[in-house]
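Structural overview for review
Chain by chain, the residues:
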Amino acid sequence: MTTSAASAQQAAVRERPSTGLWRDAWGRLLKNRLAILGLFLVITLIFLGVFGPLLAPYPYSQQDLKAVLAGGHGPLPPGSPGHILGTDQLGRDLLSRLLDGARISVSVAFVVQVVIILIGVPIGALAGWFGGRTDNFLMRFTDIIYAFPDLLFIILLSVAFRETVFGQALDGLLLVFVAIGITSWVTVARLVRGQMLALKETEFVEAARAIGVSDRKIVTRHLLPNGMGPIIVAITLGIPAAILAEATLAYIGIGVQPPRASWGSLIAEGQKFIRSEPHLVTFPAIAIALALIGFTFLGDGLRDALDPKLKGKQ
Amino acid sequence: MISYLARRILWIIPVLFAVSIITFFLMHAVPGGPWDAEKRLPANVQARLNAQYGLDKPLYEQYIQWAGGFVTGDLGPSYRSRDRRVNDIIGDGIAVTFQLGIMAFALSVVVGIPLGIFAALGHNRWPDYLSTSISIIGIATPSFVLAILLIVVFSIGLGWFPTGGWKGPQYWVLPTVALAGFPIAVIARYTRASMLEVTRKDYIRTAQSKGIGGRAVVSRHMIRNALIPVVTILGPTLAFLVTGSFIIETIFSVPGIGRFYVSAISQRDYSLLMAMTILYAFTVAFLNVVVDVLYAYIDPRIRYS
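Treat the numbers as computed from the prediction; the structure is a model and nothing was measured.

In this section: the overall build of chain B. Across its full length, chain B carries twelve helices and zero strands. The linear arrangement of helices and strands in chain B, starting from the amino end, is α-α-α-α-α-α-α-α-α-α-α-α. Expressed along its principal axes, the backbone C-alpha trace of chain B runs to roughly 85 × 55 × 30 Å. Classification of the 305 residues of chain B by burial places 37% in the buried group. Of the contacts formed within chain B by residues at least 6 apart in sequence, a portion of 73% connects residues at least 24 apart.

In structure tokens:
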């Protein structure tokens, strides 16, 4: 940031009561209509993911055979008695299955990002702080991971460990989370490294060093918090990518094991009835779309809010 | 520049080496073998097959054998289609996969960039809202959903295009559109943001204050400068399209190589899987170099050393 911008900010600080980067950013976020829509969608999704199974009219695997037999041996259409969104061909309530799918998507959204942070932040921080040979080695390592075709590598990992205890954990989901995380941390690592390199040379770090602050404290108290904005944005925008990857894997039959179903596997099942019962595809597709839109808008809004240079661009 | 380029291209070799080792050992960690079938083969037959293909040797020897073959251009036998070499399988399908990827890439660029420019020039008016809505739909619709939608509307409903196959231009349309939907949205968003950034630059104000008319400023100053950062996402986009087409290939029965990837894993067709992973990794790594070079070429401010 240039000095004129910094002094302009100082002037602004004097005019308003106690304001910091985060409060400023929050204010800017609230003024952005798309970001608010995103935030609303994300909060709804999280709520449904956490409480969905309590709200669901039936357990996700319960079959209503009587209704299916009465309805001509096929999936029930939306608006059938007792099943607002209809059922699949086995008489399982679509709404209940969608709500269980929300739980899967929410856990993908967050667990994958935790894996990414746990791998990406330390690697990027070490590379940026130490520089030289450490930096070179770690960045070459990220090059290798980057060259792996992500989705293909995730499939390979998922199949390789499917039969193990680890592969069976959480109905097969844990493996998918870790596989997606392992292939997606590179962006965050590069970003953290870039932030470190840029901030290392700033005057406030020089000042901290001059008064004898330890290296560890400079990294944890000065560098990471100051570089946090872009990292948070990258992580938020990584969420839709993870949700999309999980849905795609589920669509080709990798990941969560039946009778549980992710939105992707619901679409794969519903595809067989696309002519007579298109709702089996449309409802899960709408659910995926809303989740992707929510996190994308929120991520875009956060980027604009945390980077005042882009203010007004939206 | 030349030495930079040479270093970057040489660096691809150790990357591919690392990718091949990781894939090789991971692949052999998958339980089961290529001979698992509905009807189990007798143990002595399996042992004979293993010996014939060298699968009874220690893993590192198998790897050396594979790498030796790879270096001399022999990708090994396919364990599933036993009368075919992997070279033939890849050779048959790769042209189709690349054709599909490049057509989708061309479509994404030809639609995405003008869509982004159009949005930025009509910032906060209807062109912006229209273009942004299109990119939101593109981002929110996974390619397999878009593929299903296209089939339902244009094949089953209107009967304009066939549901699958690869026999002529009318077969190309739906897979290309399904594959290009997401990159169109990404490129349009990126172009729009970049255009808006350029609009506020001092040199644009200078040009305008010198009395240069609207159209000349837009074409000579804004678009040219705005497209520079867009180039950086084109490499990953092309890589995504070439390597990510396997679902589209499966849905539309396109005879490329992508559709073999999942079956190669589930059937433990080791040599086919290795060949495809290396091919994809090479494509990604090579396109990254191309983009970096292109970037330096179009933006004189960037110099590599």
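Once the structure has been displayed, the description carries forward.
Moving on, we come to the overall build of chain A. In terms of helices and strands, chain A carries 15 helices and zero strands. Burial statistics for chain A: of 314 residues in total, 44% are counted as buried. Pairs at least 24 apart in sequence give 72% of the contacts found in chain A among residues at least 6 apart.

Bringing the packing of helix H6 (residues 132–147) of chain A against helix H1 (residues 2–29) of chain B into the picture now. Relative to each other, H6 of chain A and H1 of chain B sit at 65°, their axes nearing to 9 Å. Relative to H1 of chain B, the crossing made by H6 of chain A is right-handed. Each of Asp143, Ile144 and Ala147 of chain A in H6 of chain A lies in contact with H1 of chain B, whose residues at this interface are Val15, Ala18 and Val19 of chain B. The residue inventory of the contact of H6 of chain A with H1 of chain B, partitioned by class, reads five nonpolar, no polar and one charged.

A few words on the confidence of the model for chain B. Chain-level statistics for chain B give a pLDDT mean of 82 and a share of 94% at 70 or above. Scored as a complex, the prediction yields pTM 0.83 and ipTM 0.81.

What follows is about the interface of chain A and chain B. Counting residues at the interface gives 29 residues for chain A and 34 residues for chain B. Those elements that place two or more of their residues in the side of chain A that touches chain B are H6, helix H7 (150–160), helix H13 (228–251) and helix H15 (279–306) of chain A.

All right, on to the nonpolar core then. Counting 161 residues, the largest nonpolar core has Ile154, Ile155, Leu156, Ile243 and Leu292 of chain A together with Ala147 and Met276 of chain B as the members making the most contacts within it. Contact partners of isoleucine 155 of chain A, with chain neighbours within four places excluded, come to Leu249 and Ile254 of chain A together with Val262 and Ile265 of chain B.

Of the residues in chain A, 89% reach a pLDDT of 70 or more, and the chain-wide mean stands at 80. Segment residues 310–314 of chain A: pLDDT under 50, and eight contacts once partners within four positions in sequence are set aside and those in other chains are kept.

This brings us to the environment of isoleucine 180 of chain A. Residues and elements named next belong to chain A. Position of isoleucine 180 among the secondary structure elements: in helix H9 (residues 173–184). Judged by the 30 C-beta atoms lying within 10 Å of it, isoleucine 180 falls in the buried class. Spatially, the C-alpha atom of isoleucine 180 lies 30 Å from that of phenylalanine 273, the residues being 93 residues apart in sequence. Among residues more than four places away in sequence, those in contact with isoleucine 180 are Val112, Ile154, Ala242, Ala245 and Glu246.

What follows is about unusual backbone geometry. Not every positive phi belongs to a glycine, and serine 253 of chain B is a case in point at roughly 45°. Along the polypeptide, serine 253 of chain B turns up in the loop between helix H10 (246–251) and helix H11 (259–266).

Most of H7 of chain A is tucked away: eleven of the eleven residues are buried. Looking only at H7 of chain A, the buried set comprises Asp150, Leu151, Leu152, Phe153, Ile154, Ile155, Leu156, Leu157, Ser158, Val159 and Ala160 of chain A.

Let's shift gears to the packing of helix H5 (residues 94–130) of chain A against H6 of chain A. Residues and elements named next belong to chain A. Running from N to C, H5 and H6 point in directions that differ by 145°, and their axes come no closer than 7 Å. Helix-helix and strand crossings are classified by hand; for H5 and H6 the assignment is left-handed. Seen from H5, the contacting residues are Ile123, Leu126, Ala127 and Phe130; seen from H6, they are Gly132, Thr134, Asp135, Leu138 and Met139. Tallied by class, the residues present in the contact of H5 with H6 amount to six nonpolar, two polar and one charged.

So, about the environment of glycine 172 of chain A. All names here are of chain A. For glycine 172, the position within the fold is in the loop between helix H8 (165–168) and H9. C-beta crowding within 10 Å serves as the criterion here: with 19 such atoms nearby, glycine 172 is assigned to the partly exposed category. Put simply, glycine 172 and glycine 38 are 134 residues apart on the chain and 29 Å apart in space, counted from C-alpha to C-alpha. Residues within four places of glycine 172 in sequence aside, it is in contact with Gly167, Gly255, Val256 and Gln257.

Moving on: the environment of arginine 190 of chain A. With respect to the helices and strands, arginine 190 of chain A occurs in helix H10 (residues 186–200). With 19 C-beta atoms packed within 10 Å, arginine 190 of chain A lands in the partly exposed category.

With that settled, consider helix H5 (residues 126–140) of chain B. Its 15 residues place the ends of H5 of chain B 21 Å apart at the C-alpha level, agreeing with the 21 Å of an ideal helix rising 1.5 Å per residue. Every buried residue of H5 of chain B is accounted for by Ser131, Ser135, Gly138, Ile139 and Ala140 of chain B. Contact partners of the buried residues in H5 of chain B: H15 of chain A together with helix H4 (86–121) and helix H7 (169–199) of chain B.

Conventions adopted
- Residues numbered from 1 in each chain as written.
- Chains lettered and ligands numbered in written order.
- Predicted model: local features only at pLDDT ≥ 70, side-chain atom pairs only at ≥ 80, totals over all residues.
- Helix = DSSP H or I, 4+ residues; strand = E, 2+ residues; numbered from the N terminus.
- Buried ≥ 20, exposed ≤ 12 C-beta atoms within 10 Å, placed from the backbone.
- Contact = placed C-beta atoms within 7 Å.
- Axes fitted to C-alpha atoms, helices over the stretch in contact; angles between N-to-C directions.
- Left-handed = near helix turned anticlockwise from the far one by under 90°.
- Nonpolar A, V, L, I, M, F, W, Y, C, P; charged D, E, K, R; others polar.
- pLDDT = per-residue confidence, 0-100.
- Core = buried A, V, L, I, M, F, W, Y, C linked by C-beta atoms within 7 Å.
- Expected span 1.5 Å × (residues − 1).

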